[in-house]
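Spelled out from the first residue to the last, the chains are:
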Amino acid sequence: MVTRSVLAVLGLLGAVLGKPGVNQQIAQLESSKSKLLQYPSQFTQDIMPKMIHSHNDYWRDVPLLTALSFGVASVEADVSLINGTLFVGHENAALTPDRTLDSLYIQPLLQVLKKQNPKNAFTAGSTTPNGVFDTASDVSLQLLVDVKTDGVEALPFILKAFQPLREAGFLTTFANGTLTSSAVTVIGTGNSPLEQIKALNPRDYFFDAPLTQLTDPSLNTTWDPTLSPLASTDYAVAVGWSGIGNITDEQKANITRFVGDAHALGIKARFWDTPAWPVYARENIWRALLEGGADWLNADDLAAASSF
């Protein structure tokens, strides 16, 4: 038997639910799939870009898109040239015929950027393309191409592979003395050949500079963002702190010195292969790097880095 008090509560609940309110209207609009809630570039709606680098991004269940879902603004693809095709994977045992630079990165990027750059009456005459992030359309996605095979041999194939993005005007380019930022900035690392990249004119494939050698005259290279928007180094060699216990003054000074060398040239700094475990040690290292001025947080755990 239903008591009078229960009926009273149910009546009160019904009255409350019956009142028109903002949450009720939100629910109605969402269920109606109203066009008022739709706009062309909302693919990455509400995602804030973060200075996180998705190390070995191709290891994700869904490469590239998983990184974008966390607001990660830099991704990395290991590339091997085999019989004229650029396959993506950390080693030969991980390669498959379907996982290529084109299928995992270039075509998905084209699809995303077409969503972010609709062609209609409102965009007619636009000259600067939007990037992948709806909340910050001026942010360029950084794509590192880590060449595992011979870099000189691979370079022409890599340049050709990016032609679809180039034709659409989506690549950051240095030409006629001017660096023009666009939706994607491609940077070669690994075996990417420095001298051949220096010779590119125009240049839309840049070089990941050696962070610890930016002031080394023996390299005979003038480092600046038109050649190297990014400089990187192995964390273990450059710093070496495990994240357990206290960081030494010397280790802390190494971080600020190398970062300072990069920033003096207008280049952003990244330390790769930072320890991933124990978690508290990893976070101590991330904190020390950010406090020392490092620009990019190198991460394998994107969820943890994005909420750090």
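The model shown is predicted, which means the values in this text are computed figures rather than measured ones.

Colleague: Would you mind showing me how to read the confidence of the model for the chain here?
Modeller: Summary statistics for the chain give a mean pLDDT of 94 and a share of 94% for residues scoring 70 or more. In the model, residues 6-15 has pLDDT below 50 throughout and makes one contact with residues more than four positions away in sequence or in other chains.

Colleague: When you look at the packing of aromatic side chains in this model, what are you seeing that I'm missing?
Modeller: Aromatic rings considered in pairs are described by the distance between their centres and by the relative angle of their planes. This model, assessed by the stated rule, comprises three aromatic pairs. Pairing Trp286 with Phe308 gives two aromatic rings, centres 5.4 Å apart and planes at 75°, and the pair type is edge-to-face. With Trp286 in helix 10 (residues 279-291) and Phe308 in the segment after helix 11 (302-306), this residue pair connects regions lying 22 residues apart in the sequence.

Colleague: Can you help me understand a nonpolar patch on the surface in this one?
Modeller: On the surface, a cluster of nonpolar side chains totalling about 240 Å² of accessible area is made up of Phe43, Val62 and Leu65. In this structure, Phe43 sits in the loop between helix 2 (22-32) and strand 1 (50-54). Take Phe43: its relative accessible area is 40%, and that puts it in the partly exposed class.

Colleague: Help me understand the pairing of strand 2 (residues 72-82), please; the structure alone is not making it clear to me.
Modeller: Here strand 2 lies mainly inside the structure; 10 of its 11 residues are buried. As judged from the three bridges shared by strand 1 and strand 2, these two strands associate in the parallel manner. Counterpart to Ser54 in the pairing with strand 2 is Val75. Where strand 2 meets strand 4 (residues 141-147), six bridges bridge the pair, whose relative direction is parallel. Within strand 4, the position partnered with Glu76 by the bridge is Leu144. Counting the residues between successive antiparallel strands, the hairpin from strand 2 to strand 3 (residues 85-88) contains two residues, one of them, Asn83, with a positive phi of roughly 50°.

Criteria and thresholds
- Residues numbered from 1 in each chain as written.
- Predicted model: local features only at pLDDT ≥ 70, side-chain atom pairs only at ≥ 80, totals over all residues.
- Heavy atoms only, no water.
- pLDDT = per-residue confidence, 0-100.
- Contact = heavy atoms within 4.5 Å.
- Phe/Tyr/Trp six-rings, centres within 6.5 Å; stacked < 30°, edge-to-face > 60°.
- Helix = DSSP H or I, 4+ residues; strand = E, 2+ residues; numbered from the N terminus.
- Patch = residues over 30% accessible without salt bridge, like charges linked within 9 Å, V, L, I, M, F, W, Y side chains within 5 Å.
- Areas by Shrake-Rupley, 256 points an atom, 1.4 Å probe, with all protein chains shown as cover.
- Salt bridge = Lys/Arg side-chain N within 4 Å of Asp/Glu carboxyl O.
- Buried < 20%, exposed > 50% of the residue type's maximum accessible area, 1.4 Å probe, protein only.
- Pairing = 2+ DSSP bridges.

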